[in-house]
Amino acid sequence: MHTVTEGLFDMPAVVPTKVVVPTHDGPAVAVYPLVPTRSFDAPLTYALPQELVGSVVVGTIVEVPLGNAARVGVVSAVDVEPPPNVRLKPVGRVVDQPAVPAPLIELAEWVADQYGCARTIALALVVGPRLAASARATAVPHRKRQQAVRRIVDDLDGLDLSRRQRAIATEIPTAWIALAALASSLGTTRSTFGKLAEAGVVAIEDRYLDELAVAAEADAAPSQDEPKAEGFLPFALTPLQLTAVDICSGDADGTAEDPTTLLVGITGSGKTEVYLETIARTLERGRTAIVLVPEIALTPQTARRFLLRFPGDVEVLHSAMTKAQRATAHERIARGDARVVVGPRSAIFAPVRDLGIVVIDEEHDGSYKQDSEPRYDARRVAFRRIQLEGARLVLGSATPRPESWAGVARHVVMNERPGGGRLAPVHLIDMRDHQDDYPLSVPVQDAIEQALQRGRKAIVLHNRRGYAVALHCRGCGQTCKCPRCDVSLVIHGTVARRQRLTCHHCGHDEQVPERCAKCGSNEIARMGAGTEQLETLLAERFAVPVFRLDADAVKTRGAVGEILGAFAAAGPSILTGTQMVAKGHDFPDVEVAVVIDADAGLAIPDFRADERAFSLVAQLAGRAGRSAATNEHAQVLIQTWNPEHPFLRYARSHDTPGFLEYVLADRIQFGYPPYSRIVRVLISARSEELRDHWSKALGDGMRRLDAGTVLGPARLLRINDRERAQVLVSTKRASDVATAVRRFLGTTETARRRVDVRVALDVDPQALI
């Protein structure tokens, strides 16, 4: 078995053999067949029939013969030199699909080289959902109409509308706008629009999106404290915001040459308005824009602002879209009908032409890193794309990553809120003094009670799902564990008789036992608390609506928007949940923000643990006191078992620059990013023997490569009956390491598949466990 992987890191890259069959002569083109396998990691050469000469360019989608089948491929080069003494199969036909822009072909090849995936897999990111989903050529359907909506009445007084319907109605513009996109951004459903249509408030029609109005009437610009949905004019920017716009758009002196800006703005400082005005200037110059957000479903207000500012010119991409909707959106963008694209990380590959600017909102968010192949980082991809297209890049956050703080030369700091007001003061609660009232300490209960009495809202964050974190036997000390994973089972369900034990890794599920399976004792205890238990305790303690936002509460499409919409429409109420509740929400009547177990994540053996904890606390702190009505009494309470930890000292004083300098001093000492890059190789197998063999082969190969410091192989927890190990490389030659591993994966694909060994390459991983 040892000879299977011996010396494979020294082997050259695999180049597929050209197809050798008799055919006619002619010009040759290079084509990547869209086949998701590492066997096609280089383009194949095909003859170009005379009738197709002139109609095929780089990026053209063609049908080519591959084996006994016809497959879709992307032309990566034209007029290539055919190999000597080889006659090539011809290109079959040109597929009726917009050509992929040449910069995106180059970008996909760069992604493959940087992140170690096959080029055909990287190209699937840029060719569009229809072709990525199927390798066989299919005719592209005619352009479809989409449902659009517009408000047809100005005065809502006297109409029989619920409070929620009235709030939605005021946000609907008088110009036609895509109904599905608006529903997503408003956090509502199509049925709401149907009821408003029955009430005579809106009109709904099927229309082509390019028929939508590009402007709408507005009597005056709304204030930044109280936006008017029917007005599309920009807010009156403050001098600080105008300066930021000048710098981000390259209009300020000395900013035209360096295209990248890090916009560091405290929560509520008006970063979104800076984005909007910067994009408006870009559109005036005839160029296009891409706006990346962590997740549209969690930031509907941000998406709505872009839709209302640029009606008819925006395509919003989000996870709730069907494949057909994604395909239609991709085609609209490719035609040039949408000049502004708003979406999560995959939107960086949107086929906009003449890209002028990329904006990455909440750039610190870990969701910009793809966790499945190809494991690209959208922030790094964005930087490469603006280089290829001569565009500009704006990274925005209240808590930027240390990599961005150290790696971007130009910082624009916005430390004022346009409407005035302070950041809510932060109070630390030492839980060593409140052990008897965990998880809700008395100071937290009192603060929430006072806020509710003033008619305000509260947000309580606890980054643990479920009802309790473990089930423990007090008789023998046994903890209920997953039979397929080396982790404890989590208790779910608020009714004791119906509670279940669930594994968050493999999905194993079983009934909570009445007695210990090992010793038979009935002294079994529910340890710790999760969001479900917190929801129950809050509902019992306070006579107001309590809403929960976590992965278990949002399993159905549109659930996030419904929960956030219900919380916004309610009076005094409480929103509790995991880190989802800290994502860029703007609720003006939130007065109190609470973090339960703020330091729980610090025990994870990961150099980013401090960074994640600080960002989570700082982002949640920004949800409180965002309006003049709540700012006076706004406060943030952080429950902690370790109040002396440095990250809490910086969080308490809202000192983001100080925290970043503290983290960077620590990282430079140990050579962590941004002073190196991390490459992680994860190996999993059905047996310990196979795991150890393949992980050793990879570790030895990494050391022979001599590209940096190699750690491991180190064994990891068993997950879903698969034994796991990892090899880490700290390096300044990440692309060389990725290339070597890609060669290894290509040459061992058949051998690994035979014994069911899986190897995952992750460059710049967000987690190391």
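In this text the structure is predicted, and so the values were computed from the model without any measurement.

What counts, and where the lines are drawn
Numbering of residues starts from 1 in each chain and follows the order in which that chain's sequence is written. For this predicted model, a pLDDT threshold of at least 70 governs which residues receive local features, and a threshold of 80 or more governs which side-chain atom pairs are given and counted, while totals over whole chains, interfaces and linings are taken from all residues. Where side-chain values are given, they derive from all heavy atoms of the structure, hydrogens and water being excluded. For helices the rule is a DSSP run of H or I covering at least 4 residues; for strands it is a run of E covering at least 2, with both sets numbered from the N terminus onward. Here the term buried applies to any residue with accessible area under 20% of the maximum for its type, exposed to any over 50%, and partly exposed to those in between, with areas from a 1.4 Å probe on protein chains only. Should any heavy atoms of two residues lie within 4.5 Å, those residues are counted as being in contact. Only the protein chains shown count as covering a residue, and every accessible area follows the Shrake-Rupley method with a 1.4 Å probe. Between any two strands, pairing holds if DSSP finds at least two bridges. Fitting a line to C-alpha atoms yields each axis, with helices limited to the stretch in contact; the angle taken between N-to-C directions then spans 0 to 180 degrees. Buried residues of nine kinds, namely Ala, Val, Leu, Ile, Met, Phe, Trp, Tyr and Cys, make up a nonpolar core once their side-chain atoms join them within 4.5 Å. Just so you know how the angles are binned, under 35 degrees is roughly parallel, over 145 roughly antiparallel, 65 to 115 roughly perpendicular, and the rest oblique. Just so you know the grouping, Ala, Val, Leu, Ile, Met, Phe, Trp, Tyr, Cys and Pro go in nonpolar, Asp, Glu, Lys and Arg go in charged, and all remaining residues, Gly too, go in polar.

Quick notes on the overall build of the protein chain
No. 1: A tally of regular secondary structure across the protein chain gives 22 helices and 30 strands.
No. 2: Classification of the 769 residues of the protein chain by burial places 56% in the buried group.
No. 3: Taking the intrachain contacts of the protein chain between residues at least 6 apart in sequence as the baseline, contacts between residues at least 24 apart amount to 75%.
No. 4: Approximately 31,900 Å² of the protein chain is accessible, and the part contributed by carbon and sulfur atoms is 49%.

Some details on the sheet that holds strand E20 (residues 500-502)
No. 1: Ordered in space as E19-E20-E21, the three strands form an open sheet in which the pairing is antiparallel. The open sheet has two edge strands with one neighbour each: strand E19 (490-492) and strand E21 (509-511). When strand polarity is set aside, the average angle formed by the axes of neighbouring strands in this sheet is 35°.
No. 2: Bridge count for E20 against E21 is three bridges, and the pairing is antiparallel. Looking across to E21, one finds that Thr502 is bridged to Asp509.

Description of the nonpolar core
General note: in soluble globular proteins, nonpolar side chains tend to be found buried as a group.
No. 1: With 75 residues, the main nonpolar core has Val358 and Val381 as its most contacted residues.
No. 2: Looking at this core, the element that brings in the most residues is helix H1 (residues 102-115), giving eight residues.
No. 3: Core analysis: the second largest hydrophobic core is formed by 45 residues, Leu237, Val291, Val293 and Met414 among them.

Some thoughts on the sheet that holds strand E1 (residues 28-33)
No. 1: Judged by pairing direction, the sheet is antiparallel, and its five strands sit side by side in the order E2-E1-E4-E3-E5 without closing on themselves. Each end of this open sheet is capped by a strand with a single partner; those strands are strand E2 (44-47) and strand E5 (93-94).

Regarding the packing of helix H4 (residues 163-170) against helix H6 (residues 190-198)
No. 1: Two numbers describe how H4 lies on H6: the axes approach to 11 Å, and their chain directions differ by 90°. Considering the angle they form, H4 stands roughly perpendicular to H6. In this structure, H4 contributes Gln165, Ile168 and Ala169 to the contact, and H6 contributes Thr192, Lys195 and Leu196.
No. 2: Residues belonging to the contact of H4 with H6 are distributed by class as follows: three nonpolar, two polar and one charged.

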